[in-house]
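Residue-level listing of the chains:
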Amino acid sequence: MRRLLVTGGAGFIGSNFVHFLVERTDVHVTVLDKLTYAASPEALEGLPSDRVELVVGDITDAGLLDELVGRLTGEGDAVVHYAAESHNDNSLRDPSPFVRTNIVGTFEVLEAVRRHGVRLHHISTDEVYGDLELDDPERFTEATAYQPSSPYSASKAGADHLVRAWVRSFGVAATLSNCSNNYGPWQHVEKFIPRQITNLLDGGRVKLYGSGANVRDWIHADDHSSAVWTILERGEIGQTYLIGADGERSNLQVVRLILELLGHDPDDFDQVADRPGHDLRYAIDSTRLRTELGWEPTYGAFEEGLARTIEWYAEHGDWWRPKKAQIEAAYAAKGQ
Ligand code: NAD
Ligand code: DAU
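Residues numbered from 1 in each chain as written. Chains lettered and ligands numbered in written order. Predicted model: local features only at pLDDT ≥ 70, side-chain atom pairs only at ≥ 80, totals over all residues. Heavy atoms only, no water.

**Student:** Summarise the overall build of the protein chain; cite the residues concerned and give the values.
**Tutor:** Looking only at helices and strands, the protein chain features 11 helices and 13 strands. What you see for the protein chain is a C-alpha radius of gyration of 19 Å, in line with the 20 Å of a compact globule of 336 residues. Its C-alpha atoms give the protein chain principal-axis dimensions of roughly 55 × 45 × 35 Å. Out of the 336 residues belonging to the protein chain, those deemed buried represent 58%. (Helix = DSSP H or I, 4+ residues; strand = E, 2+ residues; numbered from the N terminus. Rg over C-alpha atoms; globule rule 2.2 N^0.38 Å. Buried < 20%, exposed > 50% of the residue type's maximum accessible area, 1.4 Å probe, protein only.)

In structure tokens, the structure reads:
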């Protein structure tokens, strides 16, 4: 049976990909995840034990990686590397785990796949390209120059550069993808959309950074997973693919929509301290992925997906409620 090692497979997007693999393919999945505060091992509960194995460990542990990657000797076996520290606001408070996990961790992943001659797909973000003006007619493409703004995006950019160098200098068989903002079930309550939904579900208030003019390009995590699978199956080694679903919305638009969907006055939100260095706009041109590999997003409209996400959070309070107080206290300490 074909085998994949999925790092960070207990996180928001990694666990979505593990579900995709179990439901849509016959591969065997080993998840390597440190189970940091951001992990949701609950998202993997109930998956068949003959298809999915969870190994709790750190991607900076070279010995463990060597052992796990060394098992991937078959045709079509690969490492899909999602594990990362992922939240910009945390990177502004303490960048050190971002450098350790995102840069040093990716280095260790690269060394392991290099030693064992194993295919790698590296998961990255559109944030490596910096930001766009609101009226910029050009969106990010694979040719856009790197210009990261935050310690998080700089650490992801550093990781991408290592992957590209290992392809060119050592012949590592890797592909890369840079995706836009994901939403959907199991996203941590520290992130924008789950934070607002769960604030309202708990009787709290929506917290918008600054004026809310900042634009994000939303894609459902299910579409991200199908894109990664498409790249694994048909992507050209050494290439980068941008993943996006044409979902640009300002934060103000998103906030007003969440308020309306939950039966509140759409103008009843708090404007709070802005994020230092806050990127203004991300927008993805995913033409290469669509025309060369034939991928299309299939999840419905953002408004419909958001309504379903709200329903999901309303039904999963047992999972997110224990995480909420500590996160909100940290935001409150920063005036957010
Ligand atoms: P997440 O924070 O929800 O999950 C990250 C997972 O990685 C967690 O399960 C955590 O325990 C694990 N992890 C962290 N450090 C680790 C380490 N040292 N060793 C092993 N496991 C470790 O993140 P996410 O939102 O699911 O993002 C996953 C990946 O996708 C990241 O690489 C991120 O940069 C990228 N990405 C995210 C988005 C988004 O909108 N969330 C968009 C584009 C790309
Ligand atoms: O673009 C891809 C990136 O998207 C990923 O690489 C990151 O891992 C992921 O976290 C996400 O980064 P953002 O910084 O865009 O996401 P976040 O959910 O933190 O914030 C989305 C927008 O909402 C951003 O403009 C900041 C704003 N915001 C955020 C929070 C938490 C608010 O207005 N209020 C909030 O309470």
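**Student:** So, the nonpolar core: which residues are in play, and what are the values?
**Tutor:** Membership of the largest hydrophobic core comes to 34 residues, with the highest contact counts inside it found for Leu-4, Phe-17, Leu-21 and Ile-243. For this core, the secondary structure elements donating two or more residues are strand S1 (3-7), helix H1 (12-24), strand S2 (28-33), strand S4 (78-81), helix H7 (221-234), strand S11 (240-243) and helix H9 (287-293). With 7 residues, H1 is the single largest residue contributor to this core. Ranked by size, the runner-up nonpolar core spans 28 residues in total, among them Ile-193, Trp-218, Phe-302 and Trp-319. (Core = buried A, V, L, I, M, F, W, Y, C linked by side-chain atoms within 4.5 Å.)

**Student:** I'd like to hear about helix H2 (residues 62-70), residue by residue, with values.
**Tutor:** Within H2, burial applies to Leu-64, Leu-65, Leu-68 and Val-69. The arc enclosing the buried residues of H2, seen along the axis, measures out at 120 degrees, which places them on a common side. Looking at the buried residues of H2, the elements they touch are S1, S2, strand S3 (52-56), S4 and helix H4 (96-116). Between the side-chain oxygen at the start of H2 and the backbone nitrogen of Gly-63 there is a gap of 3.2 Å, and the oxygen is on Asp-61. (Arc of directions from axis to C-beta. Contact = heavy atoms within 4.5 Å. Polar contact = N/O pair within 3.5 Å; in protein donor to acceptor, adjacent residues only side chain to side chain.)

**Student:** Which residues make up the site of ligand 1, and what values do they have?
**Tutor:** Taken together, the neighbourhood of ligand 1 is formed by 28 residues, with Ile-13, Asp-33, Ser-86, Tyr-152 and Lys-156 sitting nearest. Interatomic distance of 3.0 Å between a backbone N/O atom of Ile-59 and a nitrogen atom of ligand 1. When ligand 1 is considered free in solution it has 830 Å² of accessible area, and contact with the protein chains removes 97% of it. Listing elements by their share of the shell around ligand 1, those giving two or more residues are H1, strand S5 (119-125) and helix H5 (151-170). The biggest single contributor to the shell around ligand 1 is S5, with 3 residues. When its residues are assigned to classes, the shell around ligand 1 shows 13 nonpolar, 11 polar and 4 charged. (Near = heavy atom within 4 Å. Areas by Shrake-Rupley, 256 points an atom, 1.4 Å probe, with all protein chains shown as cover. Nonpolar A, V, L, I, M, F, W, Y, C, P; charged D, E, K, R; others polar.)

Keep in mind that these numbers describe shape and distance, not what the molecule does.
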